[in-house]
Amino acid sequence: MAKKDIDWGNLSFGYMETDYRYVSNYKNGAWDEGTLTKDANVVLNECSCVLQYAQTCFEGLKAYTTKEGKIVVFRPDLNAERMISSAKRLRMPEFPKEKFLDAIQQVVRANEDWVPPYGSGATLYLRPYMFGSDAIIGVKPANEYQFRVLTTPVGPYFKGGVKPLTIRVCDYDRAAPHGTGNVKAGLNYAMSLYAIVEAHEEGYDENMYLDAATRTKVEETGGANFLFVTKDNKVVTPKSDSILPSITRRSLVQVARDYLGLEVEEREVYFDEVKDFAECGLCGTAAVISPVGKIVDHGKEIALPAGMTEMGPVTKKLYETLTGIQMGTIEAPEGWIVEIK
Ligand code: PLP
Ligand code: COI
């Protein structure tokens, strides 16, 4: 066994086929035992529910090499729980938590050589996903499902790594009140593609979505939650029933309070307040914490005082503490780090 010959330091956030993926099938009301396979292709009936009605949900987490050379994953129990809530909302069978955690162990162990080395800046991204696989033509849930976990080594989600981003206030809505914004349904991402392509064409890195009902409150971006820092160093993060409950954001709230001694407010955040914040960051598994330097609202620019050259001081401390915990240089709260054995 030897690490793959990859230029780990120059990876982007892209797909690279690795050796193994985990597959389990649901049929006649039960999940099978699950197995690893070398086959990266999925063969489906032309009328499968995922192809016709987008019955699919997914998760995202990362495997890291610690300073001591162990391979670990970050809070996979929370991904398992969130996938159960996504599955329920889409009328899919739950993939049991214990099975989910076992699948993560198996697939990371099998792809050990693809886990980037400590200090390379790269990680192994794990993508658990589930979809309705049998043929369905009337609108109803599938009877059969497949759960899979693919892995791919990745670098930073945003080009330029930790260079502050420019985002725009988006005219399209991401999620309706009482809709599916609080689960990780594939459909939430399909409907964001128009907006992200348009944002990129206009030179922006991401979209800031506002609440669909009043368009006055900050929700999230297409793939990350917001964290703001006030001028007196308070951390503020939007609370809403239509955003994804980010595991990174929930962890950063705890890091801010318990490691950095900062005050944290989880509450509705009005867009009108944004001009008064000192720092802004996008947080998520893929984004880690990516600093935002500028927010553009239909030609009106809000330049965050933290600037366009580096992360603001509080964002930087949060970033360093969280990544220190993930890479094993800072002691983690109980249960956050799970070793691959
Ligand atoms: N919000 C959206 C819409 C996402 O897709 C993600 C990524 O999973 C997040 C937030 C961040 O969530 P997490 O920190 O659990 O990765
Ligand atoms: C993640 O952070 O894991 C996500 O799923 C976000 C996705 C848009 C890449």
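Up top you'll find the structure we're talking about.
Here is a short report on the structure shown in this document.

Analysis parameters
Residues numbered from 1 in each chain as written. Chains lettered and ligands numbered in written order. Predicted model: local features only at pLDDT ≥ 70, side-chain atom pairs only at ≥ 80, totals over all residues. Heavy atoms only, no water. Near = heavy atom within 4 Å. Polar contact = N/O pair within 3.5 Å; in protein donor to acceptor, adjacent residues only side chain to side chain. Areas by Shrake-Rupley, 256 points an atom, 1.4 Å probe, with all protein chains shown as cover. Nonpolar A, V, L, I, M, F, W, Y, C, P; charged D, E, K, R; others polar. Phe/Tyr/Trp six-rings, centres within 6.5 Å; stacked < 30°, edge-to-face > 60°. Helix = DSSP H or I, 4+ residues; strand = E, 2+ residues; numbered from the N terminus. Buried < 20%, exposed > 50% of the residue type's maximum accessible area, 1.4 Å probe, protein only. Axes fitted to C-alpha atoms, helices over the stretch in contact; angles between N-to-C directions. Parallel < 35°, antiparallel > 145°, perpendicular 65-115°, else oblique. Contact = heavy atoms within 4.5 Å. Expected span 1.5 Å × (residues − 1). Pairing = 2+ DSSP bridges.

### Observations regarding the site of ligand 2
So, step 1. In the region of ligand 2, the neighbouring residues are Phe58, Gly60, Tyr125, Arg127, Tyr157, Lys184, Gly223, Thr285 and Ala286.
So, step 2. For ligand 2, an oxygen atom lies 2.6 Å from a polar atom in the side chain of Tyr125.
So, step 3. In this structure, Ala286 approaches ligand 2 through a main-chain N or O atom, which is 2.8 Å from an oxygen atom.
So, step 4. When the free accessible area of ligand 2 is taken as 280 Å², the share hidden by the protein chains comes to 89%.
So, step 5. Partitioned by chemical class, the residues of the shell around ligand 2 number four nonpolar, three polar and two charged.

### Regarding the site of ligand 1
So, step 1. The full set close to ligand 1 counts 16 residues, and Tyr189, Glu220, Ser246, Thr248 and Thr285 are the nearest of them.
So, step 2. Measuring from an oxygen atom of ligand 1, one finds a side-chain N or O atom of Arg82 at 2.8 Å.
So, step 3. Between ligand 1 and Thr248 there is a distance of 2.5 Å, counted from an oxygen atom to a side-chain nitrogen or oxygen.
So, step 4. Alone, ligand 1 offers 380 Å² of accessible surface; in the complex the protein occludes 96% of this.
So, step 5. Classifying every residue of the shell around ligand 1 gives five nonpolar, seven polar and four charged.

### Looking at the packing of aromatic side chains
So, step 1. Here the structure, examined in full by the defined rule, presents 15 aromatic pairs.
So, step 2. Taking the centre distance of 5.9 Å and the plane angle of 70° together, the rings of Tyr26 and Tyr145 count as edge-to-face. With Tyr26 in strand E1 (residues 21–27) and Tyr145 in strand E8 (residues 145–154), this residue pair connects regions lying 119 residues apart in the sequence.
So, step 3. The class of Tyr26 is buried, set by a relative accessible area of 17%.

### Here's the deal with the packing of helix H6 (residues 247–259) against helix H7 (residues 313–327)
So, step 1. Look at H6 against H7: their axes get within 10 Å of each other, and the N-to-C directions meet at 105°. Our classification of the angle between H6 and H7 gives roughly perpendicular. Counted together, Thr248, Ser251, Leu252, Val255, Ala256 and Tyr259 of H6 and Leu318, Thr321, Leu322 and Ile325 of H7 form the full contact between these two elements.

### Notes on H6
So, step 1. Here H6 is 13 residues long and its end C-alpha atoms lie 17 Å apart, about the 18 Å a rise of 1.5 Å per residue gives.
So, step 2. Among the residues of H6, Ile247, Thr248, Arg249, Ser251, Leu252, Val253, Val255 and Ala256 are the ones counted as buried.
So, step 3. If you check the start of H6, you find a side-chain oxygen 3.2 Å away from the backbone N of Thr248, and it comes from Ser246.

### Observations regarding the pairing of strand E6 (residues 71–74)
So, step 1. Burial of the side chains of E6 extends over both faces: Ile71 and Val73 are buried on one face and Val72 and Phe74 on the other.
So, step 2. Here three bridges tie strand E5 (residues 61–65) to E6, and the two strands are oriented antiparallel to one another. Paired with Tyr64 across the strands is Val72, a residue of E6.
So, step 3. Between E5 and E6, which pair antiparallel one after the other, the connecting turn spans five residues, and Gly69 there sits at a positive phi close to 90°.

### Description of unusual backbone geometry
So, step 1. One non-glycine residue with positive phi stands out, namely Arg215, at about 50°.
So, step 2. Looking at the element boundaries, Arg215 is found in the loop between strand E10 (206–208) and strand E11 (225–229).
So, step 3. Using a relative accessible area of 30% as the deciding quantity, one classes Arg215 as partly exposed.

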